[in-house]
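Each chain, written out:
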Amino acid sequence: MIELDGAAGEGGGQILRSALTLAMITGRSFRIRNIRANRARPGLMRQHLVAVQAALQVCGGDATGAALGSQDLTFVPGPITGGDYEFAIGTAGSCTLVLQTVLPALLKANTPSTLRLAGGTHNPMAPPVQFLQRAWCPRLAEMGARIDIHLERFGFYPAGGGIVVARVEPCALLRPHMWMTRGERRAAYAEAFVAGIPGRVGQRELECIGRAMNWGEDQLLIRALPADQGPGNALMLTLDYEHATEAFTAFGEKSVTSEQVARQVVQRARKYLMSHAAFAEYLADQMMLPLALAGGGGFTLDEVSMHARTNAQVIETFLPVRFTFDRLDGVDRCTVMRNDVG
């Protein structure tokens, strides 16, 4: 039984999600205390509980403490089973975080799988669906994984109501990979998604992006959604390179101006551009577990966050790998290799 402290390091939900994924794949049980201890509302929120429930369905395991607000969970995995699954988060809790918990495990199933999730698709503190489609899945494909994610309906915070469908093919062994440079830029554009709110809100956001990034109108795209998928507003800036794609997102909300929303996206994009790294902070964190499963690889990144260091510690607890963080030619680098000593 692996013992984990949910208050360690960054102290968020990533500790639980990584542990669930790795428990399913390795067959090793774990107990986690102090779940999300560093959050304003500690314990299992709805999306974390659904992640546990999804993991239980995928591997037929057992869990003690799987309840809303619980800060102590014991998880005993069973064998991973492919097939068709449906999960309803019931709120704007993130569909994408649940997907990222179970998809790596389903790569190890003997048959293809389809997952249909209802809940939040675009909300703060979680990657939007387009991030998985554009940034995460293509990198996994380079490692041999075949995952297709389709967004059927947007679900903005706080109402939710979105629908995402993911299909995954079995992949017996992920290939190690290195992403040291981003390569030549292929495309750069911004999108303002608006549903149930005036289109001028998104237009103002795009105008701010255009001025800040010196982009033309062909790079500034308004995406008007059906009103019944709102109210909601997301501003997304996508940078597509030969070896990596990044999508930076900010969300409109009451008392926040269009200029402030645009500024959030521009600041994060500029930080990435100035770093010359292959990955930005969030994609870097989300590629650590697949690389560990592959037994090696690495990437350059624009920031080594506490989130990443905490994730590394959890992964090293389950797998015989070692993460190192250093600098190469003035750029931060993350490397993972097998740790077979002893």
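A few points on the structure. (Residues numbered from 1 in each chain as written. Predicted model: local features only at pLDDT ≥ 70, side-chain atom pairs only at ≥ 80, totals over all residues. Heavy atoms only, no water.)

## Considering the side chain of E246
Argument step 1. Within the secondary structure, E246 sits in strand β13 (residues 245-251).
Argument step 2. Notably, E246 is buried but unbridged: the nearest opposite-charge side chain belongs to R268, and the N-O separation is 7.3 Å.
Argument step 3. A polar side-chain atom of E246 sits 2.7 Å from the main-chain amide nitrogen of A280. (Helix = DSSP H or I, 4+ residues; strand = E, 2+ residues; numbered from the N terminus. Buried < 20%, exposed > 50% of the residue type's maximum accessible area, 1.4 Å probe, protein only. Lys, Arg positive; Asp, Glu negative; His and termini not counted. Salt bridge = Lys/Arg side-chain N within 4 Å of Asp/Glu carboxyl O. Polar contact = N/O pair within 3.5 Å; in protein donor to acceptor, adjacent residues only side chain to side chain.)

## Comments concerning the pattern of salt bridges
Argument step 1. What the rule picks out here adds up to 11 salt bridges.
Argument step 2. Note that D326 and R333 form a salt bridge whose closest N and O atoms lie 2.9 Å from each other.
Argument step 3. For D326, a relative accessible area of 29% translates into the label partly exposed.

## Notes on the packing of aromatic side chains
What describes a pair of aromatic rings is the distance from one ring centre to the other and the angle between the planes of the rings.
Argument step 1. Using the criterion set out here, one finds nine aromatic pairs in the structure.
Argument step 2. Ring centres 6.0 Å apart and planes at 10° place the aromatic pair Y85 and F87 in the stacked group.
Argument step 3. Classification of F87 as buried rests on a relative accessible area of 5%.
Argument step 4. Here W179 and F279 contribute two aromatic rings whose centre-to-centre distance is 5.3 Å and whose plane-to-plane angle is 40°, an arrangement assigned as tilted. Remark: F279 occurs in the loop between α6 (258-275) and α7 (281-294) and W179 occurs in strand β9 (residues 177-179); sequence separation between them is 100 residues. Across the pair, exposure class does not vary: W179 and F279 are buried alike.
Argument step 5. Positioned above the aromatic ring of Y241, the side-chain terminus of R182 is 5.2 Å from the ring centre. (Phe/Tyr/Trp six-rings, centres within 6.5 Å; stacked < 30°, edge-to-face > 60°. Lys NZ or Arg CZ within 6 Å of the ring centre and 35° of its normal.)

## Points about the pairing of strand β2 (residues 30-33)
Argument step 1. Of the two faces of β2, the one holding F30 and I32 is buried and the one holding R31 and R33 is not buried anywhere.
Argument step 2. Judged from the four bridges that link them, strand β1 (residues 2-5) and β2 form a sheet pairing that is parallel. Across the sheet, the residue bridging to E3 is R31, located in β2.
Argument step 3. Bridge count between β2 and strand β4 (residues 72-76): four bridges; the pairing is antiparallel. (Pairing = 2+ DSSP bridges.)

## What about the sheet that holds strand β15 (residues 321-328)?
Argument step 1. The four strands lie next to each other as β9-β14-β16-β15, forming an open sheet whose pairing is mixed. The sheet is open, and its two edges are formed by β9 and β15, each paired on a single side. Each strand axis lies, on average, 15° off the axis of its neighbour in the sheet, ignoring direction.
Argument step 2. Here six bridges tie strand β14 (residues 296-301) to strand β16 (residues 331-338), and the two strands are oriented antiparallel to one another. In the sheet register, G296 faces β16, and the bridge partner there is M337. (Axes fitted to C-alpha atoms, helices over the stretch in contact; angles between N-to-C directions.)

## Some remarks on α6
Argument step 1. Its 18 residues give α6 an end-to-end C-alpha distance of 26 Å, which sits within 8% of 26 Å, the value for a rise of 1.5 Å per residue.
Argument step 2. Listing the buried residues of α6 in full gives S258, V261, A262, V265, V266, A269, Y272 and S275.
Argument step 3. Turning to α6, the residues buried within the fold contact α5 (199-213), β12 (232-241), β13 and β16. (Expected span 1.5 Å × (residues − 1). Contact = heavy atoms within 4.5 Å.)

## A closer look at the packing of helix α4 (residues 129-142) against α7
Argument step 1. With their axes 11 Å apart at the nearest point, α4 and α7 run at an angle of 40° to one another. The crossing of α4 and α7 is right-handed. Along the contact surface, α4 presents F131, A135, W136, R139 and L140, while α7 presents Y282, L283, Q286, M287 and P290.
Argument step 2. Residue composition of the contact of α4 with α7, grouped by class: eight nonpolar, one polar and one charged. (Left-handed = near helix turned anticlockwise from the far one by under 90°. Nonpolar A, V, L, I, M, F, W, Y, C, P; charged D, E, K, R; others polar.)

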